[in-house]
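Breakdown of the fold
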Amino acid sequence: MTWLHDWSGLIVGWLLYAMALSGTLSVFRPEIGAWMRPELTARHVDAVEASAAAVRWLSIHAPRSSAWYLEPANERAPYTLALWEQHGAYIQRALAPITGAPDGIRDTLGGDFFYRFHFELQLPYPWGRLIAAIGAMALVLILVTGIIAHRRFFVDFFTFRPGKNQRSWLDAHNLFGVVALPFHLMIAVTGAVTLANLMMPWGVQAAYRSDLGAIAHDLNPASVERTANGRPGRLAPVSPMLREAERRFGEAGLARVTVTSPGDSASIVTVVSATDDRIGIDSHTISFDGVTGKILAEHIEKRPAVRVFDFLYGLHVARFAPIVTRWLYFISGLMLTAVIATGLHLWTIKRQRRQGGFSTALVECMNAGFIAGTPVAFCAFFLASRLLPLQMTHRAEQEVHILFVIWAFVLAAAALRPPQQSWITLLGLSALGCVSVGVIGGWPHDGVGWSVSIVALMLAGGFGFATQRSALRHSGKRRGK
């Protein structure tokens, strides 16, 4: 079990580290999106009116799109997130809650980048999700074998021996692993379950062959599919439809609004309830005729199998979570990231004492590049959202390009330099990057700004401390020689 734990952790460790860190950030996906769009100052918005304004703007600027997909504004995200198809490509923009227009709002992916990256890895479908699914299954294996291999870790949890090199790293590994062990197991299992159809597609294929429409209908019977008939049709005012859906949903509110075939007489408006008050997701759906505004179908999900899946998915994404629970998710996610990082570092420490060699040195270089370099790249993404010109063409894509260019640069730098020097340099850059994120927004004016600044500066302090310790250890080794 120890052998399996060590080698499975090494093989997928760098992948899991990036997934865990980006997944941790995506706990505050809406808040990061709001921080990256400082032009939006409103915090109390009407989801119905904001959605109706977005529909009016899209009716003028994207009338020929096959569908509009909206995530209505709310207190956490004071903007309507819209996705629509235009000239064969999909465009995603944040729309102002009052005007429904993107004018004056910087083009950025915001927290959506971290959310999608942690299960798609910026790769085309289905490869990114398939790799993430395999990583989630590997994490389950690593956790279970770790519990067995470290059979005394509940006892060792109460012992921390600083300054003991391998012993100290193992104590830290055990500490971060035990404190949030239920969270680690839950997030790994639910992550694997949500992507299980990619690893085990044969049941769906046997039941439905290639009929994707039948799958979608059975999963959500109220989602009406109608082919555009080519006859123009004026979309009815959506506010009354959304108000009726809001009344039927009760306190749940609106999660998604989809308008298919806008401008066609066969248009459909589908509204899905939000899930802020419960763990399960997408339990209530209503479809309206886009031209008449009449209800065509309504479905409240009560099937046990679907509700179990919705419950597990809801646990993973934590949309239900109040503010205290979200912070617990965030802190536990940082602990999972630390478990992976300390485990990777332990692998090299053990082998340096036993044999060393080229392979161990290569892993140590990669550890420095990924563990200390990934925060540098993520900080670059935050900084790019504030520093790039507002009117830059394809601005959101440029932010992502900057992140990956910086990431490639730090990985290459780690591979070309002695590992200890790479640790010192990259940890220092991580500290500098976090300080820059903490101060670039100026004096915070709301809770989101304060939270980003405080967390960034606390992480900067942690990276700064790690830089100092690494430098002292390196200088001590040189004097010893």
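Everything below is about the structure printed above this text.
What this report covers is the structure whose coordinates are included nearby. Just so you know, these numbers come straight off a predicted model, no measurement behind them. (Residues numbered from 1 in each chain as written. Predicted model: local features only at pLDDT ≥ 70, side-chain atom pairs only at ≥ 80, totals over all residues. Heavy atoms only, no water.)

Digging into the pattern of salt bridges
One pass over the structure, following the stated rule, counts 17 salt bridges. Residue Arg106 pairs with Glu39 through a salt bridge whose shortest N-O separation is 2.6 Å. With Arg106 in the loop between β3 (89-95) and α4 (111-120) and Glu39 in the loop between α2 (29-35) and α3 (47-61), the pair connects residues that are 67 residues apart, well separated along the chain. Look at Arg106 and you get buried, because its relative accessible area is 10%. Overall, the relative accessible area of 28% leaves Glu39 in the partly exposed class. Glu49 is the partner of Arg243 in a salt bridge, and the nearest nitrogen-oxygen pair spans 3.4 Å. Of this pair, Arg243 sits in helix α12 (residues 238-249) while Glu49 sits in helix α3, and the two are 194 residues apart along the sequence. (Salt bridge = Lys/Arg side-chain N within 4 Å of Asp/Glu carboxyl O. Helix = DSSP H or I, 4+ residues; strand = E, 2+ residues; numbered from the N terminus. Buried < 20%, exposed > 50% of the residue type's maximum accessible area, 1.4 Å probe, protein only.)

A short note on the nonpolar core
Counting 73 residues, the largest nonpolar core has Phe114, Tyr329, Phe378, Trp407 and Val437 as the members making the most contacts within it. A per-element tally of this core places helix α1 (residues 2-25) first, with 10 residues. Ignoring any residue separated from it by four or fewer positions in sequence, one finds Trp407 in contact with Ala18, Phe117, Phe370, Thr374, Ala377 and Phe378. Within the second largest apolar cluster, 29 residues are counted, among which are Val48, Leu58, Ala62 and Ala82. (Core = buried A, V, L, I, M, F, W, Y, C linked by side-chain atoms within 4.5 Å. Contact = heavy atoms within 4.5 Å.)

Remarks on unusual backbone geometry
Cis geometry is adopted by the peptide bond preceding Pro126, which originates at Tyr125 and carries an omega value of 5 degrees. Mapped onto the elements of the fold, Pro126 is located in the loop between α4 and α5 (127-149). Here Ser261, not a glycine, exhibits a phi torsion of approximately 50 degrees, which is positive. With respect to the helices and strands, Ser261 occurs in the loop between β4 (254-260) and β5 (268-273). Classification of Ser261 by relative accessible area gives buried; the value is 13%. A positive phi angle is found at Ala318, which is not glycine, with a value near 60 degrees. By secondary structure assignment, the location of Ala318 is in the loop between α13 (304-317) and α14 (323-354). Looking at Ala318, the relative accessible area reads 4%, which means it is buried.

Structural notes on the sheet that holds strand β7 (residues 295-300)
Taken together, 7 strands build an open sheet; the order of strands is β3-β2-β1-β4-β5-β6-β7 and the sheet is antiparallel. Each having just a single partner strand, β3 and β7 make up the two edges of the open sheet. In this sheet, adjacent strand axes meet at a mean angle of 15 degrees when their direction is disregarded. Of the pairings in the sheet, the one linking strand β1 (residues 67-71) to β4 comprises 4 bridges and is antiparallel in character. Across the sheet, residue Ala67 finds its bridge partner in β4, namely Thr260. Helix-sheet contacts for α3 involve β1, β2 (80-86), β3 and β4, and the interaxial angle to β1 is about 155 degrees. (Pairing = 2+ DSSP bridges. Axes fitted to C-alpha atoms, helices over the stretch in contact; angles between N-to-C directions.)

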